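# Reading the structure
Single-letter residue listing:
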Amino acid sequence: MNYQGTIIRPPSEADSILLQVTLGCSHGKCAFCGAYQDKRFGIKDRETVARDIAFAARHCRRQRRVFLCDGDALVMPQARLLEILAAIRRDLPWVTRVSTYANAKSLRQKNDAQLAELRNAGIAMVYMGLESGDDAILAAMNKNGDSAEIVGQGIRARRAGFRLNVTVINGLGGVERSLEHARATGLALSAMDPDQIGALSLMLVPGTKLHERHARGEFVLPDAAGMLAEIREMLAHLTLTRGLFLANHASNYLPLKVRLPSGRDAALAELDTALAGQRTLRPESSRRL
């Protein structure tokens, strides 16, 4: 497979065929993000992608899912994306699911008929970064789009038939806007009503704007108790029709897997136990991006 630069994929795509069809992210300006610093955004040429699909046809017959990399595959022209999906159906007929990252920008560029066309062509799940429901934080982080736009585009994705997996980042408001971040994020997630939520805890990455702000004393990261309090506040303001809340990423201090709405009260009680010092937390040395 022709992989250029660092390859990033969601934890749940660990066993998927990673098909790199774009390079980097078309936005690439979020203050907290250290991904894709080693490359500029671009769309890979047809011949390279075709060779990778042919390689997967020979050597990846046990893998039943495909994840389209890098961070912004949906921003590709519709015809080119449909061409790739047709090649996957033709050459990898055993594949049962194709997934990719999405953002408000790339979804906004597709009309409803185009999104439905992509769903029918094989994309079953999109992973979308909300990060925060607080517009002041989104602006400070230079995120593309405010909370209303991100929520609205997530709703469009669900209406098109995609399963929606949304990522949020605890600690993104710093100590100063910690609870505002948690409450607004819980409410924004409730409005999106995704199938799954992935909650990460912020880890500052050298070379990012946010790391520089932290070094200058302009951004104070919540400690472990502060991160847990945020997750609790977020869950307390979160209402889903039906979905899964995962805070079991390696960056989190307390792994949680919560089936909503039925498991929320038990998760809140578990968080209260941890905040009272009665649960062992993941040590700082074991946390990972």
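Parameters at a glance
- Residues numbered from 1 in each chain as written.
- Predicted model: local features only at pLDDT ≥ 70, side-chain atom pairs only at ≥ 80, totals over all residues.
- Heavy atoms only, no water.
- UniProt positions renumbered as here; feature names shortened; annotations may be inferred.
- Helix = DSSP H or I, 4+ residues; strand = E, 2+ residues; numbered from the N terminus.
- Core = buried A, V, L, I, M, F, W, Y, C linked by side-chain atoms within 4.5 Å.
- Buried < 20%, exposed > 50% of the residue type's maximum accessible area, 1.4 Å probe, protein only.
- Contact = heavy atoms within 4.5 Å.
- Salt bridge = Lys/Arg side-chain N within 4 Å of Asp/Glu carboxyl O.

### Thoughts on the UniProt feature "domain: Radical SAM core" (unreviewed entry) in the chain
UniProt feature "domain: Radical SAM core" (unreviewed entry): in the numbering of this structure it lies at residues 9-238. The straight-line gap between the two end C-alpha atoms of residues 9-238 is 26 Å; of that span, 42% is helix and 18% is strand.

### Describing the nonpolar core
Val-66, Leu-68, Ile-88, Leu-92, Leu-235 and Phe-245 are the most contacted members of the largest nonpolar core, which has 63 residues in total. The element contributing the most residues to this core is helix 2 (residues 78-91), with 5 residues. In contact with Leu-68, not counting residues within four places along its chain, are Leu-19, Val-21, Ala-73, Leu-81, Leu-85, Ile-88, Val-98, Ser-99, Thr-100 and Tyr-101. In this structure, Cys-30, Leu-210, Phe-219 and Met-227 belong to the second largest nonpolar core, which totals 12 residues.

### A closer look at unusual backbone geometry
The step from Cys-69 to Asp-70 runs through a cis peptide bond, and the omega angle for that step is 5°. Cis geometry is found at the peptide bond from Leu-260 to Pro-261, where omega equals 5°. Its location among the elements puts Pro-261 in the loop between strand 10 (257-260) and helix 10 (264-275). A positive phi angle, near 60°, is found at Tyr-36, a position not held by glycine. Note that Tyr-36 resides in the loop between strand 2 (22-23) and strand 3 (42-43). In this structure, Asn-142 takes a positive phi of about 60° despite not being glycine.

### Notes on the pattern of salt bridges
A side chain of one charge can pair with a side chain of the opposite charge when the charged atoms of the two come close. Applying the stated criterion across every chain yields a total of 17 salt bridges. Close ionic contact of Asp-70 with Lys-39 constitutes a salt bridge, the shortest N to O distance being 2.9 Å. Of the two residues, Asp-70 sits in the loop between strand 4 (65-69) and helix 2 while Lys-39 sits in the loop between strand 2 and strand 3, which places them 31 residues apart along the sequence. Residue Asp-70 shares its accessibility class with Lys-39, and that shared class is buried. A salt bridge links Arg-158 to Asp-195, with the shortest nitrogen-to-oxygen separation between them at 3.9 Å. Of the two residues, Arg-158 sits in helix 6 (residues 147-159) while Asp-195 sits in the loop between helix 7 (178-192) and strand 8 (196-201), which places them 37 residues apart along the sequence. For Arg-158, a relative accessible area of 32% puts it in the partly exposed group.

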